[in-house]
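As a plain string of letters, each chain reads:
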Amino acid sequence: MSEELNDCVALVTGASRGIGRACAIELAKAGCELVLMGRDTEALEATAQECAEFCDTIIFYALDLADPEAMAETVEDLLESTGKLNIIVNNAGVRGPLDTHAPFDETVETLEVNLLSMMRLNHQCIDAILSSEGPKAIINIASVLGKVGLGGSAAYCASKHGVVGYTASLFEDLRSSGVKVSAICPGFVNTAMVADRGLAGERMIQPEDVAKTVRFVAEFPGTGCPTEIIIRPQMNPYSA
Ligand SMILES: NC(=O)c1ccc[n+]([C@@H]2O[C@H](COP(=O)([O-])OP(=O)(O)OC[C@H]3O[C@@H](n4cnc5c(N)ncnc54)[C@H](OP(=O)(O)O)[C@@H]3O)[C@@H](O)[C@H]2O)c1
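1. Section: helix α1 (residues 18-29)
Stage number 1. The end-to-end C-alpha distance of α1 is 17 Å, a good match for the 16 Å that 12 residues give at a rise of 1.5 Å each.
Stage number 2. Of all 12 residues in α1, 9 are buried, a share of seventy percent or more.
Stage number 3. Residues of α1 that are buried include every one of Ile19, Gly20, Ala22, Cys23, Ala24, Ile25, Glu26, Leu27 and Ala28, and no others.
Stage number 4. Packed against the buried residues of α1 are β1 (9-13), β2 (33-38), α2 (41-51), β4 (87-90) and α6 (207-218).

Now the structure itself:
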């Protein structure tokens, strides 16, 4: 448990698996109360059970974050239940279409989930964060593909470049209120999202590495904010 985050309320999106699940566990270990979001109820329940070893108060909501009505209802309910909110880890994301000829709806969905739902959630929660006692942080999981382009990933790159630009601007808007605002930009992380790419799992960044980075940002002293963190796999995951 950490002194800094003890009794904070942390909301993690995409907490049903992968990086989000690891973030939920890490923040539970730090002493946070948790609000978990994703679509898969059973998988959210499994995350909540893992976190229960470290924290008493966990609520989860199964919803499609790209559905504005569902989000509005959920946020209202969660703020009523918790009474405060200190940290948001905006992690939910999709890989998106890998082919420029894929139906354009897939591009729209990618931007909806990866960028607009994050902005919408922050917009709906910011007053609650500002009025809550204790540490405050908005941590957005971007990607190295928010910094460079990659063929076959136009929608994903557009969404993640959007996340990086949005985060940098939000930091400026909120910095005097003491809210840490940070974009974390990992390279390949060993999760289901990249499981079909023939990469060596043990040579990738592990979800727990990203979770530790999230905690590092949330616990950072009040005098500074790591506004952007790039994480590259130490080894080349393409080589055996
Ligand atoms: N893996 C990588 O190499 C990598 C690298 C850089 C950045 N990232 C980013 O890290 C974040 C997490 O990715 P991951 O690797 O952990 O992928 P993952 O294992 O595929 O997990 C994605 C998570 O997002 C949730 N999600 C997706 N669409 C959603 C929607 N419409 N509404 C609610 N929840 C939704 C999923 O929940 P449900 O299944 O319950 O819907 C799941 O919990 C993403 O933003 C991704 O872009 C990943």
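Moving on from the coordinates now.
2. Some points on the pairing of β1
Both faces of the sheet carry side chains from a regular strand, because those side chains alternate between them.
Stage number 1. With 5 of 5 residues buried, β1 is to be regarded as a mostly interior element.
Stage number 2. Every second residue of β1 is oriented toward a common face, with Val9, Leu11 and Thr13 on one face and Ala10 and Val12 on the other, all of them buried.
Stage number 3. Note that the unit made of β1, α1 and β2 has a crossover that is right-handed.
Stage number 4. Sheet topology note: the β1/β4 ladder contains 3 bridges and is parallel. Looking at the pairing, Val12 lines up with Val89 of β4.

3. Notes on the site of the ligand
Stage number 1. As a structural note, the neighbourhood of the ligand is formed by 29 residues, with Ser16, Arg17, Arg39, Tyr156 and Thr191 the closest of them.
Stage number 2. Residue Ile19 places a main-chain N or O atom 2.8 Å away from an oxygen atom belonging to the ligand.
Stage number 3. Contact distances for the ligand include 2.9 Å between a nitrogen atom and a backbone N or O atom of Leu65.
Stage number 4. Protein chains bury 96% of the 890 Å² of accessible surface belonging to the ligand in isolation.

4. A look at the packing of α1 against α2
Stage number 1. At a minimum axis separation of 9 Å, α1 and α2 run at an interaxial angle of 25°. Considered as vectors, α1 and α2 are oriented roughly parallel to each other. Two packed elements cross with a definite hand, and for α1 against α2 that hand is right-handed. Across the interface between the two elements, Arg21, Ala24, Ile25 and Ala28 of α1 pack against Ala43, Ala46, Thr47, Glu50 and Cys51 of α2.
Stage number 2. Residue classes in the contact of α1 with α2 are distributed as 6 nonpolar, 1 polar and 2 charged.

5. Points about helix α4 (residues 104-131)
Stage number 1. Over its 28 residues, α4 extends 40 Å from the first C-alpha to the last, a length consistent with the 40 Å expected when each residue adds 1.5 Å.
Stage number 2. At Cys125, α4 shows its maximal kink, close to 50°.

6. Section: the pairing of β4
Stage number 1. Burial along β4 is two-sided: the face carrying Ile87 and Val89 and the face carrying Ile88 and Asn90 are both buried.
Stage number 2. Sheet topology note: the β4/strand β5 (residues 137-141) ladder contains 4 bridges and is parallel. Pairing of Asn90 across the sheet is with Asn140, part of β5.
Stage number 3. With α4 bridging β4 and the parallel β5, this β-α-β connection has right-handed handedness.

7. With respect to a negative patch on the surface
Stage number 1. Residues Asp64, Asp67, Glu69, Glu73, Glu76, Asp77, Glu80, Asp99, Asp105, Glu106 and Glu109 make up a contiguous surface patch of negative charge.
Stage number 2. Ranked by residues supplied to the negative patch, first place goes to helix α3 (residues 68-82) with 5 residues.
Stage number 3. A residue is classified by how much of its surface remains accessible, and Glu109, at 41% relative accessible area, is partly exposed.

Cut-offs and rules
Residues numbered from 1 in each chain as written. Predicted model: local features only at pLDDT ≥ 70, side-chain atom pairs only at ≥ 80, totals over all residues. Heavy atoms only, no water. Helix = DSSP H or I, 4+ residues; strand = E, 2+ residues; numbered from the N terminus. Expected span 1.5 Å × (residues − 1). Buried < 20%, exposed > 50% of the residue type's maximum accessible area, 1.4 Å probe, protein only. Contact = heavy atoms within 4.5 Å. Right-handed = clockwise from strand over helix to strand, strands pointing away. Pairing = 2+ DSSP bridges. Near = heavy atom within 4 Å. Polar contact = N/O pair within 3.5 Å; in protein donor to acceptor, adjacent residues only side chain to side chain. Areas by Shrake-Rupley, 256 points an atom, 1.4 Å probe, with all protein chains shown as cover. Axes fitted to C-alpha atoms, helices over the stretch in contact; angles between N-to-C directions. Parallel < 35°, antiparallel > 145°, perpendicular 65-115°, else oblique. Left-handed = near helix turned anticlockwise from the far one by under 90°. Nonpolar A, V, L, I, M, F, W, Y, C, P; charged D, E, K, R; others polar. Bend = angle between axes of the 7 residues up to and from the residue. Patch = residues over 30% accessible without salt bridge, like charges linked within 9 Å, V, L, I, M, F, W, Y side chains within 5 Å. Salt bridge = Lys/Arg side-chain N within 4 Å of Asp/Glu carboxyl O. Lys, Arg positive; Asp, Glu negative; His and termini not counted. Charge placed at Lys NZ, Arg CZ, Asp CG, Glu CD.

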